[in-house]
Amino acid sequence: MVKNLEYVVVLACIIVPKTSEEEFVMSEPHEAPLIIGESSQVQKVRMAIEKFAPLAAPVIIYGETGTGKELFARLLHSLSSRRNGPFIAVNAGAIPETLVESELFGYVGGAFTGALREGKMGLWEAANGGTLFLDEIGELSLAAQAKILRVLQERVIRPVGGTEDRPVDARIVAATNINLMEGVQTRTFRHDLYFRLHILHVTVPPLRDRQRDILPLIDYIMRKLCPELHLDEPPVIAQDAREKLLGYIWPGNIRELESIVTRTLSLCAGMTELHADDFELSESDVRVPPDILHLFIEKGPLRRMKTRAEDAIIQWALTASDDNQTAAARLLGVHRNTLVDRLRRKNRSSR
Ligand SMILES: Nc1ncnc2c1ncn2[C@@H]1O[C@H](COP(=O)(O)OP(=O)(O)OP(=O)(O)O)[C@@H](O)[C@H]1O
Ligand SMILES: [Mg+2]
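No experiment lies behind these values; they were computed from the predicted model shown.

Peer 1: Explain the site of ligand 1 to me, please; I cannot follow it from the model alone.
Peer 2: As a matter of local geometry, ligand 1 sits amid 16 residues, with Ile36, Thr65, Lys69, Arg255 and Glu258 nearest to it. Between ligand 1 and Glu70, the relevant distance is 3.1 Å, taken from an oxygen atom to a main-chain nitrogen or oxygen of the residue. Within the complex, the protein chains bury 85% of what would otherwise be the 630 Å² of accessible surface of ligand 1. The two domains that each donate at least three residues to the shell around ligand 1 are domain 1 (4-204) and domain 2 (210-278).

Structure, rendered in structure tokens:
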């Protein structure tokens, strides 16, 4: 049982976004959110979401922080037959261990000192007929994971202090920015829950792997900000600024992009053109994505290491540019002919 004071204090500190009262009474169908992204990587995610939407099984969305996991979860909800029902987002990582059960499953009146006399409905039940978005599922304790697994299997919840199970009907969409399989191997994530969730899965790619989306996203963010900043048109982004923004690695992905564009536009309101110096990025000129860095610490003759690293970087640049060689060469800071020549040599040596 949870103690009165602990409950009140801790409850006041929880950040469970988007579970405000209006979510519970929402009756309008959820409109599909606008998702900017012409790159083939984003189109693939969108296609997977469209296929998953009409099905009943849980969906898990993988992806680094700020890549748009929640946005895709909302898209899935709006495309499903549950679109008239609620979409309840729960940040699983932000609920303290002692409150997971009462937050998710509710409690009956008098379940513990300080509890509401009439009891309280849990978030799972509040999502009935709709979608329950369990964000940061990898952060849950093993005990909480066991309780979630039971609900997924039995489709019933038992409120804290209650003696009877209640049926629930919420579609589960989970998200995580950690590799759950690694969690299974290190025994921090239950393998039975993993296999229960990892059926309909999709990974939202990081922004550095979808160069094509960067400038359209900036344009979209700037246009959204224009009314607030009393601007008729967003400023033009000069070539030097474009190169800087396209070459940046975006560790915080779209959320970072949003904050940098918002800051820049707020500071530069009134300017008709933005240059590289106007955009303050946190790292100066890191162009190599972290997934490739491990190649530099592998042992072996220098020449072979250099070739392997170069191949990997070129492959990354091509993927990130949707196989557009001109864009990939720009990303690598070389002339297109240099890149084409390098690719020819690589093909010859691998034949
Ligand atoms: N393709 C997109 N088009 C427009 N806006 C986007 C897109 N992707 C993400 N955003 C915006 O970027 C921000 C971060 O997205 P979201 O919250 O969905 O990311 P997340 O992956 O859930 O992040 P976290 O891991 O931190 O929870 C939001 O403001 C969202 O609206
Ligand atoms: Mg999120």
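Peer 1: Explain the environment of Ala146 here, please?
Peer 2: Relative to the elements of secondary structure, Ala146 occurs in helix α7 (residues 142-154). Residue Ala146 is classed as partly exposed on the basis of its relative accessible area of 29%. A sequence separation of 43 residues divides Ala146 from Phe189, and the C-alpha atoms of the two residues are 9.9 Å apart.

Peer 1: Help me out: how do you make sense of the nonpolar core in this one?
Peer 2: The nonpolar side chains of soluble globular proteins are, as a tendency, buried together. Among the nonpolar cores identified, the biggest contains 34 residues, and Val90, Trp124, Leu132, Leu134, Ile137, Ile148 and Phe189 are the most heavily contacted of them. Among the elements that take part in this core, α7 stands out by supplying five residues, more than any other. Grouped together as the second largest cluster of nonpolar side chains are 24 residues, Leu231, Ile237, Leu246 and Leu265 included.

Peer 1: Help me understand the sheet that holds strand β2 (residues 87-91) in this model?
Peer 2: Within a sheet, each strand pairs with its neighbour through backbone hydrogen bonds, oriented either parallel or antiparallel. Within the open sheet, the five strands sit side by side as β2-β3-β6-β1-β7. Their pairing is parallel. One side of each edge strand has no neighbouring strand; the edge strands of this open sheet are β2 and β7 (200-204). When strand polarity is set aside, the average angle formed by the axes of neighbouring strands in this sheet is 20 degrees. Here helix α4 (residues 69-79) sits on the sheet and contacts β1 (59-63), β2, β3 (131-135), β6 (171-176) and β7; the angle it forms with β1, its principal contact strand, is near 155 degrees.

Peer 1: Help me understand helix α11 (residues 239-247) in this model?
Peer 2: Since there are 3.6 residues in each turn of an α-helix, residues three or four apart along the chain are aligned in direction. Within the sequence span of α11, burial applies to Ala241, Leu245, Leu246 and Gly247. On its buried face, α11 sits against α10 (214-225), β8 (236-237), β9 (273-274) and α15 (325-332).

Peer 1: What exactly am I supposed to notice about the packing of aromatic side chains here?
Peer 2: Each pair of aromatic rings is reported with the distance of its centres and the angle of its planes. Taken as a whole and assessed by the stated rule, the structure comprises five aromatic pairs. For the ring pair Phe87 and Phe133, a centre distance of 6.0 Å and an interplane angle of 25 degrees mean the geometry is stacked. Of this pair, Phe87 sits in strand β2 while Phe133 sits in strand β3, and the two are 46 residues apart along the sequence. The class of Phe133 is buried, set by a relative accessible area of 1%. The interplanar angle of 40 degrees and the centroid separation of 6.0 Å between the aromatic rings of Phe105 and Trp124 together place this pair among those described as tilted. Of this pair, Phe105 sits in helix α5 (residues 100-105) while Trp124 sits in helix α6 (residues 123-126), and the two are 19 residues apart along the sequence. Judged by its relative accessible area of 2%, Trp124 falls in the buried class.

Peer 1: What is the right way to look at the pattern of salt bridges in this model?
Peer 2: Opposite charge on two side chains makes pairing possible when the charged atoms of those side chains draw close. Tallied over the full model, the rule gives 17 salt bridges. Residues Asp219 and Arg223 are paired through a salt bridge, measuring 3.1 Å at the closest nitrogen-oxygen approach. One end of the pair is Asp219 and the other is Arg223, both in helix α10 and four residues apart, which spans about a single turn. Residue classification places Asp219 among the partly exposed positions, given a relative accessible area of 32%. On the accessibility criterion, Arg223 (42% relative accessible area) is partly exposed.

Peer 1: What should I look at first to understand the pairing of β7 in this one?
Peer 2: Every other side chain in a regular strand lies on the same face of the sheet, so the side chains alternate between the two faces. Only one face of β7 is covered, namely the face carrying Leu200, Val202 and Val204; the face carrying His201 and Thr203 is uncovered. Inspection of the sheet shows β1 paired to β7 by five bridges, in the parallel sense. Across the sheet, Tyr62 pairs through a bridge with Thr203, a residue of β7.

So, how was this worked out
Residue positions within a chain follow its written sequence, with the count starting from 1. Written order decides the labels, with chains lettered from A and ligands numbered from 1. Predicted model: local features are reported for residues with pLDDT of at least 70 only, side-chain atom pairs are reported and counted for 80 or more only, and whole-chain, interface and lining totals are derived from all residues. Note that the side-chain values use all heavy atoms of the structure and ignore hydrogens as well as water. In these notes, residues near a molecule or strand are those with any non-hydrogen atom within 4 Å of it. Any N or O atom pair separated by 3.5 Å or less is treated as a polar contact, with the protein-specific requirement of one donor-capable and one acceptor-capable atom, and with residues adjacent in sequence counted only for side-chain atom pairs. Residue-level accessible areas treat just the shown protein chains as cover; the underlying method is Shrake-Rupley with a 1.4 Å probe. Marked domain ranges trace back to an automatic or database domain assignment. Here a helix means four or more residues in a row that DSSP labels H or I, a strand means two or more in a row labelled E, and each is numbered from the N terminus. Think of it in three bands: with a 1.4 Å probe and only protein chains considered, a residue is buried below 20% of the maximum accessible area for its type, exposed above 50%, and partly exposed in between. Throughout, nonpolar core names a set of buried Ala, Val, Leu, Ile, Met, Phe, Trp, Tyr and Cys residues whose side chains join them through atoms within 4.5 Å. Between any two strands, pairing holds if DSSP finds at least two bridges. Axis definition: a line fitted to C-alpha atoms, over the contacting stretch in the case of helices. Angles run 0 to 180 degrees between N-to-C directions. In what follows, a contact means two residues having at least one pair of non-hydrogen atoms within 4.5 Å. For Phe, Tyr and Trp, where Trp contributes only its six-membered ring, two rings pair if their centres lie within 6.5 Å, and the inter-plane angle classes them as stacked under 30 degrees, edge-to-face over 60, or tilted in between. Salt bridges, as used here, are contacts in which a Lys or Arg side-chain nitrogen is within 4 Å of a carboxyl oxygen on Asp or Glu.

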